[in-house]
Amino acid sequence: MEEALIIAAVVVVVGGGGGAGLVALLRSRRSSSPDGAPDAPAGGTGTTVLEPPAAGTATAPATITPPAPVTEPAAPQAPPLERPLPSAGRLARLRGRLARSQSAFGSVLLSLLSGSALDDQAWEDIEDTLITADMGVAPAQQLVEQLRTEVKVTGTRDPAEVKALLRADLLVQLGPDLDRTLHTTRHGNHPAVVLVVGVNGTGKTTAVGRLARALIGDGQTVVLGAADTFRAAAADQLQTWGDRVGAETVRSDREGADPASVAFSAVSEGIERGVDTVIVDTAGRLHTKTGLMDELGKIKRVIEKQVPVDEVLLVLDATTGQNGLRQARVFAEVTDITGIILTKLDGTAKGGIVIAVQRELGVPVKLVGLGEGPDDLAPFDPEVFVDALLGD
């Protein structure tokens, strides 16, 4: 029987019956089983027959899903450049901070001057207050003598009038007519060059970064030279300042490289890029080490083989007082200082250091640091400074 079924199936297929004829034959075979019962359902003792689709029915081809393409991780995007505040008006905006830190100085002076009896002891106390504020002995004596004469001539005891006299005399001591201009404007076919010097710990590299921000805030373009090659991470610190505002930093690829070579390369880059200003940060060498101080003179000479140095700014820490003046004297012997950056002025009630350092060096304080923020460097304004001292 089985052999007959196989032969019949072959005949059906060969004869053109196709799938439909084969299905009919299988059904006929199932209905004629020996016991006349239908095949057992799936899962029983019978055999399950999978019927092919009827003739003419389209079968959808199998869909093969291609593997997802391998994508490279996105490169981290650089943070957007910061937009620094312009330098104009900065000191006025920071005036409250300056007044709070200098309030002791101003209040003591005004209290003494407003006393009922301005006798010899009172004038000595006023002089001591000025000396304690790091003004220096000679400037303090000069100020007291001038003020004492004015009070005697006018015969005034009115606190407002005495305060006005003190304000005018302090302004004279600060030198309101000194040229505090920062020479940072491109001239001819080359940039202005600013050389920044000072002892480690005064905030020199930070002052360089802040100065770059101020110039960029004023619309200038800047290249930084990391010539402090002896202090670990000094170049990294300076480059971080530059990256924030889009200023290129020229540095050596190794620690301890020749600082003069780095300074020369920075100026060359500034000339090639056509920037307005190149600011060179130098090593914060100890002023007692003659060899290191000579290196500073070498840096200046190497730079001037290409272009003149427009500014040599000495960074001093306002909290160091008379020690800062000793540092200033030695630096002034090595190179021609054109201006002072006085940092940490808000951290002390000794604002007289401004008068002392200008008198000692014969050059003006051009910039002052008044906080920890990136934009807390301001052009020095004598009138705003005196008003902050006296609490106006």
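Note that the coordinates shown come from a computational prediction; the quantities given were computed from them, not determined experimentally. Residue indices follow the written sequence of each chain, beginning from 1 at its first position. Since the coordinates come from a predicted model, pLDDT governs what is reported: local features require at least 70, and pairs of side-chain atoms require 80 or more to be given and counted, while whole-chain, interface and lining totals use all residues. Derived side-chain values reflect all non-hydrogen atoms in the structure, with water molecules and hydrogen atoms excluded from consideration.

Trainee: It is not clear to me how the overall build of the protein should be interpreted in this structure. Could you clarify?
Mentor: Only DSSP runs of H or I reaching four residues or more are called helices, and only runs of E reaching two or more are called strands; each is numbered from the N terminus. Each helix and strand in the protein was counted, giving 14 helices and eight strands. Across the 392 residues in the protein, those meeting the buried criterion constitute 44%. Residue pairs in contact within the protein that sit at least 24 positions apart in sequence constitute 76% of those at least 6 positions apart. Only the protein chains shown count as cover for residues, and the accessible areas themselves come from Shrake-Rupley with a 1.4 Å probe. Total accessible area on the protein is roughly 19900 Å²; 55% of this is exposed by carbon and sulfur atoms. Exposure is judged per residue with a 1.4 Å probe applied to protein chains only, and the accessible area is read against the type maximum: over 50% gives exposed, under 20% gives buried, and values in between give partly exposed. In this description, contact between two residues means that some pair of their heavy atoms is separated by no more than 4.5 Å.

Trainee: What exactly am I supposed to notice about the packing of helix α8 (residues 204-217) against helix α9 (residues 234-245) here?
Mentor: Angle between the axes and distance between the axes are the two parameters that describe a pair of packed helices. In this analysis, axes come from line fits to C-alpha atoms, helices being fitted only over the stretch in contact, and the angle between any two N-to-C directions falls in the range 0 to 180 degrees. For the pair α8 and α9, interaxial distance at closest approach is 10 Å and the crossing angle is 15 degrees. As summarised for this structure, α8 and α9 are arranged roughly parallel, according to the angle between their axes. Viewed along their axes, α8 and α9 form a crossing whose handedness is right-handed. Across the interface between the two elements, T205, T206, V208, G209, R210, R213 and I216 from α8 touch A234, Q237, L238, W241, R244 and V245 from α9. Should an angle lie under 35 degrees it is considered roughly parallel, over 145 roughly antiparallel, and from 65 to 115 roughly perpendicular; all remaining angles are considered oblique. In this scheme the handedness of a crossing depends on how the near helix is turned from the far one: anticlockwise by less than a right angle means left-handed, clockwise means right-handed.

Trainee: Any chance you could explain the packing of aromatic side chains here in plain terms?
Mentor: Where two aromatic rings form a pair, the distance of their centres and the angle of their planes describe that pair. Stacked, tilted and edge-to-face are the three classes applied to pairs of Phe, Tyr and Trp rings, where Trp contributes its six-membered ring and a pair requires centres within 6.5 Å; stacked means planes under 30 degrees apart, edge-to-face means over 60, and tilted covers the rest. In total, this model carries one aromatic pair according to the counting rule given. To sit over a ring, a charge needs its Lys NZ or Arg CZ within 6 Å of the ring centre and within 35 degrees of the ring normal. The ring of W241 is capped by R244, whose NZ or CZ atom sits 5.6 Å from the centre of that ring.

Trainee: How do you make sense of the sheet that holds strand β5 (residues 311-317) when you look at a structure like this?
Mentor: Two strands in a sheet stick together by hydrogen bonds in their backbones, pointing the same way (parallel) or opposite ways (antiparallel). By this definition, two strands are paired if DSSP reports at least two bridges between them. Taken in spatial order, the eight strands make up an open sheet running β3-β2-β4-β1-β5-β6-β7-β8, and their pairing is mixed. Either end of the sheet is taken by a strand with one partner, and the two such strands are β3 (248-250) and β8 (377-379). With strand direction ignored, the average angle separating the axes of adjacent strands in the sheet is 25 degrees. Looking at chain direction, strand β1 (residues 192-198) and β5 are connected through five bridges and run parallel. For V197, the partnering residue across the bridge sits in β5 and is L314. Each of β1, β2 (222-227), β4 (277-282), β5, β6 (339-343), β7 (365-369) and β8 is contacted by α8, which is oriented at about 170 degrees to β4, the strand it contacts most. The strands touched by helix α10 (residues 259-273) are β1, β2, β3 and β4; relative to β2, the strand with the most contacts, the crossing angle is about 170 degrees.

Spatial relationships are all this shows, so hold off on functional conclusions.
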